[in-house]
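Residue-level structural notes
Below, each chain spelled out in residue letters.
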Amino acid sequence: MLDKSRQYSATFLRMSSHKPSPGNRNSSQQKHPVHEGHLRVGPLIEIPQILRERGIDPVEVIHSAGLEMALLDDPENMISFVAMGRLMKRCAARTQCPHFGLLIGQRAGLSSLGIVGHLSQQMPKVGSALRSIILHLPIHDRGAAPLLSVEPDVAMLSYLIYQQGVEGSNQIYDGAIAITFNILRALCGPTWYPTEVLFSHRQPSDTKPYRQFFQTPLRFDRERTALVFPAKWLDCAVAGADPIRREQIEQQITTLENLDSRDLVSRLRSVLRTLLITHRGSLEQVAQLFSMHRRTLNRRLESQDYTFQRLVNEVRYEIARQLLEDSQMSMSQIAVTLDYSDASAFTRAFRRWSGTTPAAWRARSSD
């Protein structure tokens, strides 16, 4: 396991209730941060073209997901995580392509992140570029969080969905890790490759598309979806970085962040989805992350009729359901991932949450 002493998660910013303004496909400046459970459609705008290439009418598929074609005309439009998952699942089924999410991710990269991607290209080193993406991603994506874990020789960059009720999560994870791969290639150069790629879902029947794209060992049924690579790449200079342009973009991002406002429970839920996976979800650690005393954090949660333990249990339940449905991890492996002492302790907790055992829940969800 990687040393958990250095973690950077995209969970520090506040949310916005502003709605997207109309624009065009070439819009270059984000006018509003996204609100909770949503993201910019930038990474998805190639969906109609991919469908056409496979002989499928994109209007038909997009309408079947309850969406309009115009949504994908402007990368600055917003889509809910739930709607995105539904759309990607429909695309995979309609094209009979179980790796449809991978196809989307292959065609996206830094530019699909909008202003967040533009800022990363102006950072001096790859490590600072990745941390700027992690810090500012909530103005682009409010349904998942990236995490960079570093030990002396190995780095791991992962992506964790925390939004509830999202179908098609396998497609989202495949797309996200392909985008992450393209981002690192853009920042590091064409000689960069990961040492392995991890997937939190079970192994597909055909891994050839994955092997052709990543060209590195693949590991399925893991606790997270991530790229593992030598940590030395974090110290590489980013080609073409411009400190003046960086300052200009940072000012734009500050303006967007100042438009944000979200409650403490929403912010904590975002944090915990990432921190629980990395076994850093204690009250003390979370309070430190938010720069407040643990008693202050408890008081603020009580004012919203919450306790820290209730929130931890809710997030654990979300992660448990995702791992039971999307992976073939054993009960013991899931227990370790969620920081339980053993499978029995996890089973007792899951029964309290759901009224059934994790084994029964997995069997029902696979029907």
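To keep things clear, this report deals only with the structure shown in the data block. Note that the structure is a prediction, hence the values are computed from the model and not measured.

1. Here's the deal with the overall build of the protein chain
The helix and strand inventory of the protein chain stands at 16 helices and 8 strands. Considering the protein chain as a whole, with its 367 residues, one finds that 57% of them fall into the buried category. When contacts within the protein chain are restricted to residue pairs at least 6 apart in sequence, those whose partners lie at least 24 apart make up 71%. With an accessible surface of roughly 15,800 Å², the protein chain has 47% of that area assigned to carbon and sulfur atoms.

2. Looking at the pairing of strand S8 (residues 225-230)
Judged by how many residues are buried, S8 sits mostly within the fold: 5 of 6 residues are covered. Across 6 bridges, the pairing between strand S5 (residues 154-161) and S8 is antiparallel. Across the sheet, Ala155 pairs through a bridge with Phe229, a residue of S8. Relative to S8, strand S6 (residues 196-198) runs antiparallel, the two being bridged by 3 bridges. Directly across from Glu196, in S8, lies its bridge partner Val228.

3. Overview of the packing of helix H13 (residues 308-326) against helix H15 (residues 343-354)
In the contact formed by H13 and H15, the axes pass within 11 Å of each other and the chain directions differ by 105 degrees. Regarding the angle of H13 to H15, the classification is roughly perpendicular. Mapping the contact onto sequence places Asn313, Arg316, Tyr317, Ala320, Arg321 and Leu324 in H13 and Phe346, Phe350, Trp353 and Ser354 in H15. For the contact of H13 with H15, a count of residues per class yields 6 nonpolar, 2 polar and 2 charged.

Cut-offs used in this document
Residues numbered from 1 in each chain as written. Predicted model: local features only at pLDDT ≥ 70, side-chain atom pairs only at ≥ 80, totals over all residues. Heavy atoms only, no water. Helix = DSSP H or I, 4+ residues; strand = E, 2+ residues; numbered from the N terminus. Buried < 20%, exposed > 50% of the residue type's maximum accessible area, 1.4 Å probe, protein only. Contact = heavy atoms within 4.5 Å. Areas by Shrake-Rupley, 256 points an atom, 1.4 Å probe, with all protein chains shown as cover. Pairing = 2+ DSSP bridges. Axes fitted to C-alpha atoms, helices over the stretch in contact; angles between N-to-C directions. Parallel < 35°, antiparallel > 145°, perpendicular 65-115°, else oblique. Nonpolar A, V, L, I, M, F, W, Y, C, P; charged D, E, K, R; others polar.

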